[in-house]
Amino acid sequence: MSMTHYMQLLAANQPWNLIVFMAIPIVLAETLAISELYLLFTRRREGGVRAINRFAGLGAGLAFLAIIPYLTLTAVIPLTRGDEWRGWIDVVAVAAYLLAGLPLVWVGALELRMVMRERSTLEKLKAHAVAIALFLVLAHVAMVFGMLDPTLGGRAAAGMPLENMQGMRH
């Protein structure tokens, strides 16, 4: 079975790519999502859970602030220039992963008070929650499409061995 570049990235350079591109950002994002639900239901603005929420938001935002340009330069641009995409399923998986990071970059900017400075606390909470929801939807699209065999999209498989993944070794 052929695999998408998304899955190939996670499988290459074990365990480092899995840790850097999946474990760290996703654990931070899931911690952010869970703590966000707690904060929304309790309406607490201070305390330990808020500190965890802030840390997770900053961490996830910073992680994707590094991941998005790195993968764009080392994977997306070379794959596009070389016409090496494995069909539309492959493109959707990678694009959804990279787009999923943008709402978390926004959350990080909210936490650093770089955006929405003049808005009310409630408006900021809503923006936070919407950004997390967008992340969750896009991240799950990336995971589902990333696990598909890209040949299901109608393009012939490209048999690039894992050890030859240019730009995807850390």
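What counts, and at which threshold
- Residues numbered from 1 in each chain as written.
- Predicted model: local features only at pLDDT ≥ 70, side-chain atom pairs only at ≥ 80, totals over all residues.
- Heavy atoms only, no water.
- Phe/Tyr/Trp six-rings, centres within 6.5 Å; stacked < 30°, edge-to-face > 60°.
- Helix = DSSP H or I, 4+ residues; strand = E, 2+ residues; numbered from the N terminus.
- 1 Å grid on protein atoms, 1.4 Å probe; cavity = no way out; pocket = protein on both sides within 12 Å on 5 of 7 lines; lining within 4 Å.
- Points joined across faces, edges and corners; volume = space filled by probe spheres on them.
- Nonpolar A, V, L, I, M, F, W, Y, C, P; charged D, E, K, R; others polar.

## Focus on the packing of aromatic side chains
Applying the stated criterion across every chain, the model contains five aromatic pairs. With 6.1 Å between their ring centres and 15° between their planes, Phe21 and Tyr70 make a pair best called stacked. Within this pair, whereas Phe21 is found in helix H2 (residues 16–42), its partner Tyr70 is found in helix H3 (residues 48–81), the two being separated by 49 residues in sequence. Taken together through their ring pairs, the aromatic side chains of Tyr6, Phe64, Tyr97 and Phe135 make up a single cluster.

## What about empty space enclosed by the protein?
What the rule picks out here adds up to one cavity of 30 Å³ or more. Its boundaries defined by the atoms lining it, the largest cavity holds a volume of some 70 Å³. Taken together, 10 residues form the lining of the largest cavity, with Tyr6, Leu9, Leu71, Val94 and Tyr97 sitting closest to its centre. Within the residue set of the lining of the largest cavity, elements represented by two or more residues are helix H1 (5–11), H3 and helix H4 (88–111). Here the lining of the largest cavity is composed, by residue class, of nine nonpolar, one polar and no charged.

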